[in-house]
Amino acid sequence: MIWEAIIESSYAGAKGGLGALGLCKEARGNLEAALKLNPNALDGSAYTSLGTLYYKVPGFPVGFGDHDKARKLLKKALEINPNGIDPNYFYAEFLYEEGEYAQALQYLDKAAKAAPRPGRELADKGRRAEIATLTSQVKKELG
């Protein structure tokens, strides 16, 4: 369910626009169902992905986006996997979007130091590139 939701939300991000909202809603449903079955599955990835959806999707009346809910979900992901590359990166990205640059930099640093995930070398390589890009943007904002 979690992987299906990740695929749906990734496709929605690539598709963009209002046409992607249906995919986001499907992903949200899969993530909520996964949390009911096992909230700790995949090191809390459902919380990370759901939190990310809540801050990337527009709010009411267009979508279901909610930055307060996003913050809670992303923090829950960090409780489960405090040293993971994904929860630290996505929380940093959220903080960047919120204008909380100094805090974002702390989580980006933690994400950059995350241990490699066996069998996920390609994903880690891509995420590390995203970490470097966002770190550069955050440092620009901090002056």
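Structure: see above.
These remarks concern the structure in this document. Since the model is a prediction, treat every value here as computed from it, not as a measurement.

1. Some details on the packing of aromatic side chains
So, step 1. Scanning the model with the defined rule gives six aromatic pairs in all.
So, step 2. Both rings, one in Y89 and one in F90, keep their centres 5.1 Å apart while their planes meet at 75 degrees; by these two values the pair is edge-to-face.
So, step 3. Between the aromatic rings of Y91 and F94, the centroid separation amounts to 6.1 Å while the plane-to-plane angle is 20 degrees, which identifies the pairing as stacked. Placement of both Y91 and F94 in helix 5 (residues 85-97) is noted, with a separation of three residues, approximately one turn of the helix.
So, step 4. Here the aromatic residues Y55, Y91, F94 and Y107 are joined through ring pairs into a cluster of three or more.
So, step 5. Across the ring face of F64, the terminal group of R28 is positioned such that the distance to the ring centre comes to 4.1 Å.

2. Considering helix 1 (residues 2-15)
So, step 1. With 14 residues, helix 1 extends 20 Å from end C-alpha to end C-alpha; this agrees with the ideal 20 Å at 1.5 Å per step.
So, step 2. Every buried residue belonging to helix 1 is among I2, A5, E8 and A12, and all of these are buried. What you see down the axis of helix 1 is that its buried residues fit within an arc of 125 degrees, all on one side. Exposed and oriented more than 90 degrees from the buried face of helix 1 are I7 and A14.

3. A word on the side chain of E8
So, step 1. Following the sequence through the fold, E8 ends up in helix 1.
So, step 2. Buried E8, no salt bridge; nearest opposite-charge side chain is R28, N-O distance 10 Å.
So, step 3. Residues in contact with E8, not counting those within four places in the same chain, are L23, E26, A27 and N30.

4. Topic: the environment of L78
So, step 1. Its location among the elements puts L78 in helix 4 (residues 67-80).
So, step 2. We classify L78 as buried; its relative accessible area is 10%.
So, step 3. The spacing of L78 and D43 is 35 residues in sequence and 9.4 Å in space, taken between C-alpha atoms.

Rules of the game
Residues numbered from 1 in each chain as written. Predicted model: local features only at pLDDT ≥ 70, side-chain atom pairs only at ≥ 80, totals over all residues. Heavy atoms only, no water. Phe/Tyr/Trp six-rings, centres within 6.5 Å; stacked < 30°, edge-to-face > 60°. Helix = DSSP H or I, 4+ residues; strand = E, 2+ residues; numbered from the N terminus. Lys NZ or Arg CZ within 6 Å of the ring centre and 35° of its normal. Expected span 1.5 Å × (residues − 1). Buried < 20%, exposed > 50% of the residue type's maximum accessible area, 1.4 Å probe, protein only. Arc of directions from axis to C-beta. Lys, Arg positive; Asp, Glu negative; His and termini not counted. Salt bridge = Lys/Arg side-chain N within 4 Å of Asp/Glu carboxyl O. Contact = heavy atoms within 4.5 Å.

Honestly, it's all geometry; don't read function into it.
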